[in-house]
Each structure stands twice: as C-alpha cells, then as structure tokens.
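If you want the building blocks of each chain, they are given just below.
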Amino acid sequence: MKKLKEIASLLIYIVLCNCIPFFEVTEDTVFRWIIPLTLVAVWIAVSTADKEKKKTVRRLERMRKCCNMVKTAGITAVVEVFVLWWYIAEYSPKGAGLVFSIIIPVIIIALTLFAGVAGIAVSSKQIKLTDHIALLLWWWVPVVNIFIVRKFYKTARREFIFESDRAELENARKQNEICKTKYPVLMVHGIFFRDWQYFNYWGRVPASLIENGAEIYYGNQQSASSIERSGAELAERIQEIIRETGAEKVNIIAHSKGGLDSRYAISCLGMERYVASLTTINTPHKGCDMVDFLLDKAPSGFVSFLCRRYNGIFTKLGDNKPDFLAGVNDLRASSAVSFNEKVQDSPGVVYRSYMSVMSSFRSAFFVLGISYLLIKKLNGANDGLVYEGSAVHGEHTLITNKRTRGISHGDVIDLMRENIDGYDVREFYVDILKNLKEKGL
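Every value quoted in this text rests on a predicted model; they were computed, and no experiment measured them.

Colleague: How should I be thinking about the environment of E248 in this particular structure?
Modeller: The topology assignment puts E248 in the loop between α9 (227–245) and β3 (250–255). As a C-alpha pair, E248 and M271 span 23 residues in sequence and 11 Å in three-dimensional space. The residues contacting E248, other than those within four sequence positions of it, are Y183, I242, R273 and Y274.

Colleague: What exactly am I supposed to notice about the nonpolar core here?
Modeller: In summary, soluble globular proteins display a tendency toward joint burial of nonpolar side chains. Grouped together as the largest cluster of nonpolar side chains are 30 residues, with contacts concentrated most on L209, Y429, I432 and L433. Here this core takes seven residues from helix α16 (residues 425–438), the largest share from any one element. Core analysis: the second largest hydrophobic core is formed by 20 residues, A224, Y264, F339 and V343 among them.

Colleague: Hey, could you run me through the packing of aromatic side chains in this one?
Modeller: Pairs of aromatic rings are described using the distance from one ring centre to the other and the angle between the two planes. For the coordinates displayed, the defined rule picks out 11 aromatic pairs. Aromatic side chains Y310 and F314 sit 4.3 Å apart centroid to centroid with 20° between the ring planes, which places their arrangement in the stacked category. A residue pair is termed a helical-turn pair when its members lie 3 or 4 positions apart in one helix, as Y310 and F314 do in helix α12 (residues 300–316) at four residues. Pair check on accessibility: Y310 and F314 agree, each one buried. Put simply, the rings of F193, Y201, W202, Y354, Y423, F428 and Y429 pair up and form one aromatic cluster. Stacked on the ring of F199, the Lys or Arg R417 has its end atom at 4.5 Å from the ring centre.

Colleague: Would you mind going over the pattern of salt bridges with me for this structure?
Modeller: A side chain of one charge can pair with a side chain of the opposite charge when the charged atoms of the two come close. Within this structure, the stated rule accounts for 21 salt bridges. The partner of R352 in a salt bridge is E395, with the nearest N and O atoms 3.9 Å apart. Pair noted here: R352 is in strand β5 (residues 350–356) and E395 is in strand β6 (residues 395–399), with a separation of 43 residues, a long-range link. For R405, the salt bridge goes to E418, with nearest N and O atoms at 3.2 Å. Taken as a pair, R405 in the loop between β6 and α16 and E418 in the loop between β6 and α16 lie far apart in primary sequence, 13 residues in all. Given a relative accessible area of 24%, R405 falls into the partly exposed group. Connected via shared salt-bridge partners are R166, E170, R173, D424 and E427.

Colleague: Even after reading the chapter, I still don't get the sheet that holds β3, so can you show me in this structure?
Modeller: Strand pairing in a sheet relies on backbone hydrogen bonds, with the paired strands running either antiparallel or parallel. An order of β2-β1-β3-β4-β5-β6 is seen for the six strands of this open sheet, with the pairing classed as parallel. Of all strands in the sheet, those with a lone pairing partner are β2 (216–218) and β6, marking the two edges. Each strand axis lies, on average, 20° off the axis of its neighbour in the sheet, ignoring direction. As judged from the six bridges shared by β3 and strand β4 (residues 275–281), these two strands associate in the parallel manner. Each residue of the ladder has a partner; that of N251, found in β4, is S277. The strands touched by α9 within the sheet are β1 (185–188), β2, β3 and β4, with β2 carrying the most contacts at an inclination of about 150°.

Colleague: Looking at this structure, how should I read the layout of surface pockets?
Modeller: It is the rolling of a water-molecule-sized probe over the atoms that shows where space remains empty. Considered as a void within the structure, the largest pocket measures approximately 970 Å³ in volume. In terms of lining residues, the largest pocket is bounded by 33 residues, among which F192, M290, F324, V367 and L385 are the most central. Looking at the lining of the largest pocket element by element, the count peaks at five residues for helix α15 (residues 366–378). For the lining of the largest pocket, the per-class residue count stands at 27 nonpolar, six polar and no charged. Each pocket or cavity is described by its volume, and for the second largest pocket that value is around 700 Å³. In this structure, the second largest pocket is lined by 23 residues; those nearest its centre are L113, V117, N145, I146 and V149.

Colleague: Whenever I open this one, the packing of helix α7 (residues 144–173) against α16 confuses me. Can you help?
Modeller: For any two helices packed against each other, the geometry comes down to the angle between their axes and how far apart the axes lie. Interaxial distance between α7 and α16 falls to 12 Å at its minimum, and their mutual angle equals 25°. In terms of orientation, α7 and α16 fall into the roughly parallel class. For the pair α7 and α16, contact is made by F162, E163, R166, L169 and R173 and by R426, E427 and V430, respectively. Across the contact of α7 with α16, the residue classes break down as three nonpolar, no polar and five charged.

Colleague: Is there a simple way to think about helix α4 (residues 58–91) in this case?
Modeller: Helical geometry: 3.6 residues make up each α-helical turn, so side chains three or four residues apart lie on a common side. Helix length check: α4, at 34 residues, gives a terminal C-alpha distance of 46 Å against a target of 50 Å (1.5 Å per residue), a fit within 8%. Where α4 ends, the next residue or the one after it, S92, has phi of about 45°, a positive value.

Colleague: What exactly am I supposed to notice about empty space enclosed by the protein here?
Modeller: This structure, assessed with the given rule, holds three cavities of 30 Å³ or more. Contributing to the lining of the largest cavity are S277, L278, T279, V350, Y351, R352, Y354, I432, N435, L436 and K439. Residue assignment for the lining of the largest cavity shows that the elements contributing at least two residues are β4, β5 and α16. The element best represented in the lining of the largest cavity is β5, accounting for four residues. Looking at the second largest cavity, its volume works out to about 40 Å³. Lining of the second largest cavity is provided by I227, L260, P284, H285, G287, D330, L331, R332, S335, A336 and F339. Ranked by residues supplied to the lining of the second largest cavity, first place goes to helix α14 (residues 333–342) with three residues. Looking at the lining of the second largest cavity residue by residue, the class counts come to six nonpolar, three polar and two charged.

Colleague: Would you explain unusual backbone geometry in this entry?
Modeller: Excluding glycine, a negative phi dihedral is what most residues carry, and trans is how most peptide bonds are arranged. Of note, the phi angle at N282 is positive, near 50°, even though the residue is not glycine. Along the chain, N282 falls in the loop between β4 and α11 (289–297). The class of N282 is buried, set by a relative accessible area of 0%. The backbone phi angle of R417 is positive, close to 55°, even though this residue is not glycine. Tracing the chain through its elements places R417 in the loop between β6 and α16.

Calculation criteria
Residues numbered from 1 in each chain as written. Predicted model: local features only at pLDDT ≥ 70, side-chain atom pairs only at ≥ 80, totals over all residues. Heavy atoms only, no water. Helix = DSSP H or I, 4+ residues; strand = E, 2+ residues; numbered from the N terminus. Contact = heavy atoms within 4.5 Å. Core = buried A, V, L, I, M, F, W, Y, C linked by side-chain atoms within 4.5 Å. Buried < 20%, exposed > 50% of the residue type's maximum accessible area, 1.4 Å probe, protein only. Phe/Tyr/Trp six-rings, centres within 6.5 Å; stacked < 30°, edge-to-face > 60°. Lys NZ or Arg CZ within 6 Å of the ring centre and 35° of its normal. Salt bridge = Lys/Arg side-chain N within 4 Å of Asp/Glu carboxyl O. Pairing = 2+ DSSP bridges. Axes fitted to C-alpha atoms, helices over the stretch in contact; angles between N-to-C directions. 1 Å grid on protein atoms, 1.4 Å probe; cavity = no way out; pocket = protein on both sides within 12 Å on 5 of 7 lines; lining within 4 Å. Points joined across faces, edges and corners; volume = space filled by probe spheres on them. Nonpolar A, V, L, I, M, F, W, Y, C, P; charged D, E, K, R; others polar. Parallel < 35°, antiparallel > 145°, perpendicular 65-115°, else oblique. Expected span 1.5 Å × (residues − 1).

Here it is in structure tokens:
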C-alpha cells in the first residue's frame, strides 16, 4: 500500500510540474482531468487505508515523509530533463509558454527538495555535525550539493529502517519483560562523567532496558576521584537501593573505571552480600599503560593546571570535591598491580567482563583516534582508552561487529547515539539482562 501511495504521489508531482506541456499535448479536455483526478483519488484511498496501520513514532514518520520528498524531487528532476527536451523539440513553445514550462518545475522541485532536506536535518539524529556544516557551506555549489543531499537522504533512510525495526521488535516482546531480572540493576559510570538528569551517560540504553521490564538505578558517584572514595560512594548507593526497593541484592553493570570502583565496594567494603553480579564493560582491570606514559612525560605544571581546571569546573557541575589526579593515578598500570592483589573476587558474586576494540584511528572521534594509535603501539588492540587484555576479568566476551569499523570506548555506552552497522548497542545490553534473568539473578 505504501509503495502504491508513493507511485501515485510521484505521478501527481510529475503531472503538476508539467502542467503546461500536459495541457498543451492533451487535446481532449475530459482526458486532461481524468488522469490527475484518478491519481489524486488513488493517493487519497491509499492514504486512508494506510492511516490505521501506522505504528512508528512521530519523528520517524516525519523523517520518512521528508525522505520521500527528497526522492520524489530527485526522480522528477531527472524526468523533467527528458520531458522538457521532448516538449521543446516537438512543440517549439515560445514566449510565456516556454518560460513557465521551465520555471514552474524548477520552483516546485527546489521547494520540495528544500523542505525535504530541512525536515531531515531537523528529524534525523544520525546525521553528523560535520554534514550539517557541509550543507550550510556548500549547498549552492553544483554537483557538490548533490552528494551532500544524497548523504542526508541515505543516512535518514537507514535510520528510519533501523529505528522502525527496533520499534516493532520492542512492541512485539514488550509483554515478555525479558529484562525483568530478580534483582534491580545498578548502572555505574566511568571517569570524567556524571549521572546528569538531562544527558544520560548510557545514551538510549536505559530506556530500552526499562521498556523490556528492567528496574534501573544509577551510581551517582563523583566524576573523578580515587577508587576508594568512589567505591565508598557506591557502597552507600547500593544500601540506599536495598532500603528503597526491599530487594536482597543488586546486579551491577559498570563501564570503564566504574568497574574498578564496583570491585572495591564489593570486596573491600562488605557489599558482596548485597551484589548478585558484576558485569564490567571495557574496564581497565590491569590498568592503562598509556596513563603511566602520559603522566610520566607531561610537565608537572601542566598536570597541576589541568587538575585545578577540571576540579573547578566539575565542582560547579555538581561534584563534591572532585579529585582528577587521584582518579587518573588509579588507572595507571603500575597501580593496577597492587589493586588486584588487594581486591580479590568474592565467591558469592558472578563476575563477567566485556571488551570492544577499534579497527583503526578513524573508528572514533579525534581524541580517541589519537589515543588509539598510542595504545596500539604500547599494548596492541584497544578501544581508544583501554587495551584488550586489560579488560579481561571473570567470564569474558569480546564484542565484535560484522563490519570493519570496530567499536570504541564511547560506542559501548552509546555516547554519540550512533547506529553502528553490525552492532546494536541497545540490544547488547538487553542480552546482558536477559542472560542474568535466565540465571535467576
């Protein structure tokens, strides 16, 4: 039905653009009106029948319509070249007839294309900032603007298909509550971030988990502090959740340094009796040699300046005495040796770790790309911050995608809210909770 509607829309559009040639070529007055009215009737009938079946969210539906506008404008522009060539060659129009036969389709196509691209720019969440800037700078350059518009269209179409499929999947299994684990889930962030209300550290992941029945809580620890202090904050948070929910234990999912904070709280602060499982995501259990390298090479004055600036900014953002240097020092490979000797796994807790790697420095944004190259030289395969071997702890799984892009340290927490070919970050976490539920946790 949707295909029929698109075809009818395209034909109506082409007839509208060529109204002057159409009326001049079609001598039969009745026939002149039968074709347009028939197409309009088909379009209305299909639109009415299709209206009841729409289940996509408003943003996706708007994006689909804008994509169709761009496609219609593009196809019509190509058709128009041949129509006008034939019309001028066969009928040799002159004066106003010739002028309007050219101006009308140009105006209609330009307005449709502008509206479609503008709608995509507003609706799509997968189009990158660099692409928006390119559109603003180069929209007026012939040929270049075609490639830019084509990229907007292809990106938006992929996003619509991907998100529509996810919406259907979520609707189909919503009642099954596959993420409704026995114990509530505590999600623990890594260093240099906070659990802000208006910017979720975990991106689109928590909403998907909640939709599938999960009970989600956040660590709320400092953005940067020593493992001991962050672990103490997590211990308080765990007990708070236990009191609030009445649950016996919690399942912890921790990213990056959050995994070390969680291990300390479990093994050194008596939280093993309140924690059923710890799942660490790209956590540097063996430390980061890059941190040792950078801190040893960097001038002490620069490090002190950076610490003051960071601590000052994050104090204003809500931290209670953040400690940049303490947090970073605990990520040293040299610090990890003594940490692992002191912090032994608790036998009553299920430990599982995951790790991803980038395929090249182009797999992530600039900063992670540079650090990827440094860590690759020091330790080999890495995610831009943590090398592969450092993340192994307990039952371990390497996260892979079917494409060559790789998955960065930020990708595993949906930092950029990007749909990656061969890796659905939301489904990855759904599977984690699904497995915990199957284990009775």
